[in-house]
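So the chains spell out like this:
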Amino acid sequence: MLSMFKTTPSFWYFNFLPHPSLQRLFQTSALVSTSHSYFRKPPIPYSKLLSQCAASKSLITGMELHAHLIKFGFSNDPSLRNHLVTLYSKSQHFGFARKLVDQSTEPDLVVSWSALISGYVQNGFGKEALLAFGDMCLLGVKCNEFTFPCVLKACSVKKDLNMGKKVHGMTLVTGFESDGFVANALVVMYAKCGQLGESMKLFGTIAERNVVSWNALFSCYIQSDFHVEAVNLFREMVQSGMRPNEFSLSIILNACAGLRDGGLGKMVHGLLLKLGHDFDQFSMNALVDMYSKGGEIDDAVAVFREIKHPDIVSWNAVIAGCVLLDCNDLALMLLGEMKISGTCPNMFTLSSALKACAAMRFKELGRQLHSSLIKMDTDSDLFVEVGLVDMYSKCQMMHNARKAFNLMKDKDIIAWNALISGYSECGDDLQAVSLFSEMYNKDIDFNQTTLSTVLKSVACLQAIKVCKQIHSISIKSGIYSDFYVINSLLDTYGKCSHVDEASKIFGERTWEDIVAYTSMITTYFQYGDGEEALKLYLQMQDADVKPDPFVCSSLLNACANLSAYEQGKQLHVHAIKFGFMSDIFASNSLVNMYAKCGGIEDAGRAFSEIPTRGIISWSAMIGGLAQHGRGKEALKLFSQMINNGVQPNHITLVSVLCACNHAGLVNEGKRYFETMEQMFGIKPTQEHYACMIDLLGRSGKLNEAMELVNSIPFEANGSVWGALLGAARIHKNIELGQKAAEMLFALEPEKSGTHVLLANIYASAGMWENVSKVRKLMKDSNVKKEPGMSWTEIKDRVYTFIVGDRSHSRSDEIYAKLDELSGLLSKAGYSPIIDMDIHNVNQSEKEQLLYHHSEKLAVAFALIATPPGAPIRVKKNLRVCVDCHTFFKFVCKIVSREIIVRDINRFHHFKDGSCSCGDYW
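Residues numbered from 1 in each chain as written. Predicted model: local features only at pLDDT ≥ 70, side-chain atom pairs only at ≥ 80, totals over all residues. Heavy atoms only, no water.

### A closer look at the overall build of the protein chain
Inference 1: For the protein chain, the helix and strand inventory stands at 50 helices and 6 strands.
Inference 2: Against the globule reference of 29 Å for 921 residues, the protein chain gives a C-alpha radius of gyration of 42 Å, more extended than a compact globule.
Inference 3: Over its C-alpha atoms, taken along the principal directions, the protein chain stretches across nearly 140 × 55 × 50 Å.
Inference 4: Looking at the protein chain residue by residue over its 921 residues, the buried ones come to 52%.
Inference 5: Contacts in the protein chain between residues at least 24 apart in sequence constitute 62% of all its contacts with a sequence separation of at least 6.
Inference 6: Taken as a whole, the protein chain presents about 43,900 Å² of accessible surface, with 53% of it coming from carbon and sulfur.
Inference 7: If you average the places of the 91 positive and of the 94 negative side-chain charges in the protein chain, the two averages end up 2 Å apart. (Helix = DSSP H or I, 4+ residues; strand = E, 2+ residues; numbered from the N terminus. Rg over C-alpha atoms; globule rule 2.2 N^0.38 Å. Buried < 20%, exposed > 50% of the residue type's maximum accessible area, 1.4 Å probe, protein only. Contact = heavy atoms within 4.5 Å. Areas by Shrake-Rupley, 256 points an atom, 1.4 Å probe, with all protein chains shown as cover. Lys, Arg positive; Asp, Glu negative; His and termini not counted. Charge placed at Lys NZ, Arg CZ, Asp CG, Glu CD.)

### Observations concerning helix α17 (residues 281-293)
Inference 1: Its 13 residues give α17 an end-to-end C-alpha distance of 18 Å, which sits within 8% of 18 Å, the value for a rise of 1.5 Å per residue.
Inference 2: Counting buried positions along α17 yields 10 of 13 residues, so the element is predominantly enclosed.
Inference 3: Every buried residue of α17 is accounted for by Ser283, Met284, Asn285, Ala286, Leu287, Val288, Asp289, Met290, Tyr291 and Ser292.
Inference 4: Buried-residue contacts for α17 involve α15 (246-259), α16 (262-274), α18 (297-306) and α19 (312-324).
Inference 5: You can read the cap of α17 off the contacts: a side-chain oxygen lies 3.3 Å from the backbone nitrogen of Phe282, and it is on Asp280.
Inference 6: One or two steps after α17, the chain reaches Gly295, where phi turns positive at roughly 85 degrees. (Expected span 1.5 Å × (residues − 1). Polar contact = N/O pair within 3.5 Å; in protein donor to acceptor, adjacent residues only side chain to side chain.)

### Description of the packing of aromatic side chains
Two measures describe an aromatic ring pair: the distance that separates the ring centres and the angle between the ring planes.
Inference 1: Following the criterion strictly, the structure yields 32 aromatic pairs and no others.
Inference 2: Ring plane angle 65 degrees and centroid distance 6.0 Å describe the contact between Phe218 and Phe234, whose orientation is recorded as edge-to-face. Taken together, the residues Phe218 in helix α13 (residues 211-223) and Phe234 in helix α14 (residues 227-239) connect sequence positions 16 residues apart. In this pair, the class of Phe218 matches that of Phe234, namely buried.
Inference 3: Each ring, one from Tyr440 and one from Phe446, has its centre 6.2 Å from the other, and the planes form 50 degrees; the classification is tilted. (Phe/Tyr/Trp six-rings, centres within 6.5 Å; stacked < 30°, edge-to-face > 60°.)

### Topic: the UniProt feature "repeat: PPR" (unreviewed entry) in the protein chain
Inference 1: When the UniProt feature table is mapped onto this chain, "repeat: PPR" (unreviewed entry) is found at residues 210-244, 280-314, 412-446, 513-547 and 614-648.
Inference 2: Within the segment residues 210-244, helix and strand shares are 74% and 0% respectively, and the terminal C-alpha atoms sit 10 Å apart.
Inference 3: In residues 513-547, the share of helix is 74% and the share of strand is 0%. The end C-alpha atoms are 10 Å apart. (UniProt positions renumbered as here; feature names shortened; annotations may be inferred.)

### Here's the deal with the pairing of strand β3 (residues 872-876)
Inference 1: For β3, a buried count of 5 out of 5 residues is recorded, marking the element as mostly surrounded by other parts of the structure.
Inference 2: Residues Ile872, Val874 and Lys876 line one face of β3 and the alternating positions Arg873 and Lys875 line the opposite face, and both faces are buried.
Inference 3: Alignment of strand β1 (residues 789-794) against β3, held across 3 bridges, turns out to be antiparallel. Counted as the bridge partner of Thr792 is Val874 from β3.
Inference 4: Tracing the backbone out of β3, into helix α50 (residues 882-895) and back to the parallel element strand β4 (residues 899-902) gives a crossover that is right-handed. (Pairing = 2+ DSSP bridges. Right-handed = clockwise from strand over helix to strand, strands pointing away.)

### Points about the packing of helix α29 (residues 483-495) against helix α30 (residues 499-508)
Inference 1: Two numbers describe how α29 lies on α30: the axes approach to 8 Å, and their chain directions differ by 160 degrees. When the interaxial angle is binned, α29 and α30 end up roughly antiparallel. In this structure, α29 meets α30 at a crossing whose hand is left-handed. On α30, the residues that touch Ile486, Leu489, Leu490, Tyr493 and Gly494 of α29 are Glu501, Ala502, Ile505 and Phe506.
Inference 2: The residue inventory of the contact of α29 with α30, partitioned by class, reads 7 nonpolar, 1 polar and 1 charged. (Axes fitted to C-alpha atoms, helices over the stretch in contact; angles between N-to-C directions. Parallel < 35°, antiparallel > 145°, perpendicular 65-115°, else oblique. Left-handed = near helix turned anticlockwise from the far one by under 90°. Nonpolar A, V, L, I, M, F, W, Y, C, P; charged D, E, K, R; others polar.)

### Looking at the nonpolar core
Inference 1: Counting residues in hydrophobic clusters, the biggest one holds 253 residues, and the most contacted among them are Ile117, Phe436, Ile693 and Leu724.
Inference 2: Per-element accounting of this core gives the leading share, 9 residues, to helix α11 (residues 180-192).
Inference 3: Beyond its immediate stretch of four places on either side in the chain, Ile693 contacts Ala705, Leu708, Val709, Ile712, Val720, Ala723 and Leu724.
Inference 4: Among the nonpolar cores identified, the runner-up in size contains 33 residues, and Phe801, Leu818, Leu863 and Cys917 belong to it. (Core = buried A, V, L, I, M, F, W, Y, C linked by side-chain atoms within 4.5 Å.)

See below:
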C-alpha cells in the first residue's frame, strides 16, 4: 500500500474521504505539503484531519493519511504520531498503535501510552489496558493527569480494587490526586468496585467540586441500585448552589425510573424545563424512560412526541415502556411508526416487540420479526433468543419454540423457564416435567419460577410421586421457603388429593397471604370437606386476610355441596361488601350455590343481576331449574339463551335433557337429543345418552331405551347401564334389571349401588332367595353398601345423620319427635311402604327400620331446632326412598312447613301435602 503512494499523486485518494470537511482539510494540507516538502514540520491541517478520523473512526482514511505522512517525511513528528496512536487505538487496531509507540524515539512517551491505554479502555479491553500500563511503568514512563483517569477507568471496568488502590497510591506520590479528572476517576473506581463509603470519603476531599464530580458520584450510586442515596446527593448538590447540567438531570431521572417514582420524576422534569434543557436529547430520552417505569405511559408518549428527531434510544425507550405497562398494541403501533420514519430497529427494539407479540399472541407478526432478526445478520443476543422462545411458546407454536431453544448456544435459566412454561400452558404437561428432569440431570441451575411452573404441570398430571420429589429438591436447594414454591406445593398436593400434606405445608407457613388460603380452601372443597373450607375462612378473617373472588367462588361451591344455605347467604353479603358481584366466577358460583341449596328463586335473582352472562352462567341456571323439576322453565330459559346468541356446550345440553327427564317431557327430550349435532355441532356423549335412556326408561318406554343403548356408537359406560337399571327398578322389570346389573358388575364391580338396586327389584317381587344371593355376592366381592347419610344446616353449623344414628347430643328429643310424628301421621292416613325394603324381617321390624332413615332423623332434628314455620333443608347422599318421600308429604302438611330435600338426583320441595316432583323421580 505504501509503495503505491510513492508513485501516485497525493490527490488520488482525495475522493475517498468520507466527509466534506475532511476533503477540504486534506486538499489544503496536500497543496501546502506539495509546494513545501522541505518543511521539517507539517502544517496544522494534518492534525485536524487525524483528529476527525479518530473521532469518526474512519480507519481507511486515517491509514491513507498515515501513508501520506510517510511519503512526505512527517511520520516521525511526535504530535502526529500521537494522533495516529489515538486513531488506531480507537479503531481497535492495537497492533499498529503499539508498534508506533514502540518505534518512537522521543524521550517522553506519556501522551502516546495514554492514548493507547485510553483506546483499550474505550473499547472495553480493561485487562489489556492494565497490561499496557504495566509495560509503561516498566519502561520508566511517568504518568500524568491524563494517564491516571484512563488506568483508573480500566480498574473500574475490571472491578480490580487491588490495582485501583495501587494506582491511587501512585497519584498520592506524584501529587495528581488533587487533579479534578483524577479525583473524579478515583471516586468512580471505588464506587464501581463496591466501596461506596471510600468513594464518598474521597468525594468529600475534593476541594473544588464541579458538576462532573457530582455526576460521577450520582452515576455510580445508581449503577449500584442506590437510587434513594443518589436522589439525596442530588438534593445536596442543588442546595450547595451547584447548577445541575443536562447530564445531572438525565442521571437523576434514571434514579426516579429505578424507584418507579413518577411524582419525583415530574419535579425533576420541571427543573429540567426551568434550566432550559428540555431540548437535550439525553434528557428527553431519560424522561421517556422515567415516565414509562413510573407507570405514566401517557406522559411518556407525550414527551416522546415532543422530540423533533427521535433517535434509536428514544424509540427503544417508549416501545419498551409500552410493553412494560402492558400497552402492547401501542408498542407495535410505534414500531410501525419507527419503520416509516426511517429509523432501523435494533436488537433491543425487536426484543421489546417480541414481548408484545408474545403477550398478544400475534403469531404472524412474531414470525416476521424473527425473519427481520435473521436478515440483520448480527451476533446472537441472549435477550432476543429468549424472546423468540417466549414468543413462540406463548403463541402455542411449541415446535418453533423448541427449535429456537435448541439453536441457542448459551441457554440461561430464563430460556429453560420460558420453554417449560410454554409446554405447561399448551397442556403438554408431560413434556414440561420431562424438560425439568433434563434440566435437573444436567445440573443446570433452576429457581423458584422453574419449580412453580413445573408443579403446575405436576398438579394437572396428578403425579404425586413427582410432586414429592420436587418437594425434596426444593428443600435441598434452599428454595422451599420461597413464597411461590410453598403455595405451588400446597396447590399441587391439594389437586393430587393429598390433603394432609397440603394442610401440613399450610401450617408451616411463616406468613399470611390470600394465595395460600385460596389453595387450601379449594383443596378442602375439591376433597369434599366443605366444613373445613368454611372453618378455614373464619381463620382467614381472624388473620385479617381479605378474600378475593376466587376464595369467594370456592366457598360458595363448598356451601353448595353442603347445602349450607344460611352460610351461603352470609358469603353473598361478603361478596357484595368486597365488590365481587361484578366478577363472573363469583357470580356464577352464587347462582350454583342458591340452586343447590334449594333456593331456586334466589338463584334466579342472582342470575338476573349478572351483567354479562357467559355459557357457564346460563348452564348453571338451566341446570338449577332442571334439578328442581322446573323443566318447562329450564327449556324456556334455554331458548332465551339461544336467542341471545350464546351457543350451548355439552354441559348445557346435559342440563336440558335432565330438565326434560325430571319433568317427564319425553317428546321435547327426544327432539333436543336427535337434533343437537345438527343444530349445535355437538355429538352426544355418554352423559347425553344416559339422560335420554333415563328419560325413556322412567316414562315406561323400556324397549325404546334398550334400542337406544344398542345404537350407541361407542361402548356404553356405567352411567348408561345405571339409567337402565333404575328404569327396571321403577317398572319392576326383573329381566332388564338383571341384564343391566350384569353389565354394571363388569364395569363397576366396586360400587354397591348396583347390588342394592337389583336387590330392591327382587324384594319388590318377593324373590327373597335372590335378595340373599345378591347380599352374598356383595359379601364375597367385599363390596360394602354405602350408608345413607343426610345433612341439615342449623345456625351456621352442618349436622350429619346416618340411619339409626344415636350419637347426636339431642338424640332422645329427635326420637321422641319421630314418635310424636308417627302418631299424627297414622291418624292422617300414612302407613309405611315396606315393599322396597330388602331386609327379610317381619313387618313391624321393617317399619321400625324405615322410621330411622337418616333423612327422617335430620327433619326431626330441624323441627325441634328451628323456629316454627321456617323452611327445612336436608341433603341426602342417596336417592330418597318411596317411604321417606311419602312420609315427608304428610309431615309438611301436619307441621305447616316447607321441607326441601336434595337427593343424589334432584330436589324435592314438599309443601301442603305434595311434592314438586309430582311423584315422578
